[in-house]
Amino acid sequence: MNPKRRPLIAGNWKMHGDAAWAAALAREVAHRTARARHCDVAVMPAFPLIPAVARVLEGSPVALGAQDLSPEEEGAFTGDVSARMLQSVGCTHVVVGHSERREHHLEGDDLVRRKIARALGAGLIPILCVGERLAEREAGRTLERVETQVRIAMQGLDEAGASRVVLAYEPVWAIGTGRTATPAQAEEVHEFLRGVVRGLFGYEVAEGMRILYGGSVKPDNIRDLMACPDVDGALVGGASLDAESFSRIVNFAE
Ligand code: PEP
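In this text, all values refer to a predicted model and were calculated from it rather than measured experimentally. (Residues numbered from 1 in each chain as written. Predicted model: local features only at pLDDT ≥ 70, side-chain atom pairs only at ≥ 80, totals over all residues. Heavy atoms only, no water.)

## As for the environment of H93
Note the threshold: The way it works is that DSSP assigns letters per residue, a run of H or I at least four long becomes a helix, a run of E at least two long becomes a strand, and they are numbered from the N terminus. Every residue pair with non-hydrogen atoms within 4.5 Å of one another is taken to be in contact. Pairing of N or O atoms within 3.5 Å defines a polar contact, subject to two protein rules: one partner must be a possible hydrogen donor and the other a possible acceptor, and residues neighboring in sequence count only if both atoms are side-chain atoms.
If you trace the backbone, H93 turns up in strand β4 (residues 93–96). Through-space distance from the C-alpha of H93 to that of L8 is 11 Å; in sequence the pair is 85 residues apart. Once residues lying within four places of it in the same chain are set aside, the contact partners of H93 are L8, A63, L64, G65, A66, L124, I125 and I127. At a separation of 2.7 Å, a polar atom in the side chain of H93 contacts the side chain of T92.

Dropping the structure here:
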């Protein structure tokens, strides 16, 4: 964490719960994080639950996001959800390129690039997820893999667009496994990614870019992760489904 950058702690609720559950969780998160001045907080429910959560979060500093969006603007794309739809129901953030989308829906870097452009075009803040699989880490290809993902996803952006992107380093082997990257492993990749962004968009954009860590973040490991100079927050899956554990992560500085 670097005082120049405002941390973001975002909860990815994935395909859990229903509208009543989501509204209750959002209410509790807003209540328990109300005193958090040191960071931005966002929650990302599944698409149909967004309006229920938006009603609860109205007037609260907790931001609302979605977990995916269509790369298309509008039209005959059954089952897809556009950036404009998300924006119209109160979303400010959207996750793009999550490893579960890449794995289960075969999303590639080029599609991720189109989604990033679409999100930015609608004024949404994309949270661009990158990360290596275990076999890639074991083969010593972690940095090469995340660099490729970032280069392709951010291709064609100007500095203004790039500066609105939030990066999330999420090693695939750490997601939902209870196995967290060590702070040293996270910092190595975060520092490297900032260098990649510096090479693409210059010093100012790189220094301002928030790079979140994601992968089994819990109340008992957030402090050590946030102590790393290039870790600017967290993307939290499992632990964000419980208001108490998520708020303890948000309130890591207390
Ligand atoms: C995620 O899905 O983005 C994630 C980080 O999940 P978990 O915290 O459960 O590993």
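## Regarding the nonpolar core
Note the cut-off: Take the buried residues of types Ala, Val, Leu, Ile, Met, Phe, Trp, Tyr and Cys, join any two whose side-chain atoms come within 4.5 Å, and each joined set is a nonpolar core. Classification of residues uses two cut-offs on accessible area relative to the type maximum, computed with a 1.4 Å probe and protein chains only: under 20% is buried, over 50% is exposed, and between them is partly exposed.
Counting residues in hydrophobic clusters, the biggest one holds 73 residues, and the most contacted among them are I9, V43, L86, L128, M154, L193 and Y213. Excluding its chain neighbours within four sequence positions, the residues that come into contact with I9 are C39, D40, V41, A42, I222, A234, V236, F246, I249, V250 and F252. Counting 13 residues, the second largest nonpolar core, distinct from the first, contains A42, I127, V166 and L212.

## Here we look at the layout of surface pockets
Put simply, the rule is: Points on a 1 Å grid over protein atoms alone make up a cavity when a 1.4 Å probe fits among them but cannot get out, and a pocket when they form an open set with protein on both sides within 12 Å along at least five of seven lines; lining residues each have an atom within 4 Å of a point. Grid points are joined across faces, edges and corners, and a volume is the space filled by probe spheres set on the points. Ten residue types, Ala, Val, Leu, Ile, Met, Phe, Trp, Tyr, Cys and Pro, are classed as nonpolar, four, Asp, Glu, Lys and Arg, as charged, and the remainder, Gly among them, as polar.
Reported here for the largest pocket is a volume of approximately 380 Å³. In this structure, the largest pocket is lined by 15 residues; those nearest its centre are K14, M15, Q67, E100 and R101. In terms of residue count, the dominant contributor to the lining of the largest pocket is helix α4 (residues 99–104) (three residues). Residues that form the lining of the largest pocket fall into these classes: six nonpolar, five polar and four charged.

## Some words on the packing of aromatic side chains
Going by this rule: Stacked, edge-to-face and tilted are the three classes for Phe, Tyr and Trp ring pairs, Trp counted by its six-membered ring, which pair at centre distances within 6.5 Å; planes under 30 degrees apart are stacked, over 60 edge-to-face, the rest tilted.
Inspection of every chain in the model, using the stated rule, returns two aromatic pairs. Measuring from centroid to centroid gives 5.6 Å for W13 and W21, while their planes differ by 70°, and the two rings are edge-to-face.

## Structural notes on the side chain of T142
Among the structural elements, T142 can be located in helix α7 (residues 142–153). Once residues within four sequence positions are removed from consideration, T142 is found in contact with E132, E136, R137, Y169 and V189.

## A few points about the site of the ligand
Counted only if it meets this: Put simply, a residue is near a molecule or strand once any heavy atom of it comes within 4 Å of that molecule or strand.
What surrounds the ligand is a group of 14 residues, the closest being K14, H98, E170, G176 and S216. A distance of 2.8 Å separates an oxygen atom of the ligand from a polar backbone atom of G238. Tallied by class, residues from the shell around the ligand come to four nonpolar, eight polar and two charged.

## Examining the pairing of strand β7 (residues 211–214)
Basically, it comes down to this: Strands qualify as paired when DSSP identifies two bridges or more between them.
Going residue by residue along β7, you find I211 and Y213 tucked away on one face and L212 and G214 tucked away on the opposite face as well. One ladder, built from three bridges, connects strand β6 (residues 166–169) with β7; its direction is parallel. In the strand pairing of β7, Y169 is matched with Y213. The pairing of β7 with strand β8 (residues 233–236) spans two bridges and is classified as parallel. Each residue of the ladder has a partner; that of Y213, found in β8, is A234.

## Points about the packing of helix α1 (residues 19–32) against helix α12 (residues 243–250)
Filter applied, for reference: Lines fitted to C-alpha atoms define the axes, with helix axes restricted to the stretch in contact, and inter-axis angles between N-to-C directions lie between 0 and 180 degrees. Less than a right angle of anticlockwise turn of the near helix away from the far helix marks a crossing as left-handed, whereas a clockwise turn marks it as right-handed.
Where α1 contacts α12, the two axes come as close as 9 Å, and the packing angle between them is 35°. Judged by the twist between their axes, the crossing of α1 over α12 is right-handed. Only A243, E244, F246 and S247 of α12 make contact with α1, whose side of the interface consists of L25, E28, V29 and R32.

## Section: the pairing of β4
For clarity, the threshold we go by: A clockwise path from the first strand over the helix to the second, with the strands pointing away from the viewer, defines a right-handed crossover.
Of the two faces of β4, both are covered, the one formed by H93 and V95 as well as the one formed by V94 and V96. The parallel pair strand β3 (residues 63–66) and β4, bridged by helix α3 (residues 83–88), forms a crossover whose chirality is right-handed. In this structure, β4 lies alongside strand β5 (residues 125–130), joined through four bridges in parallel fashion. Residue pairing in the sheet places H93 in a bridge with I125 of β5.

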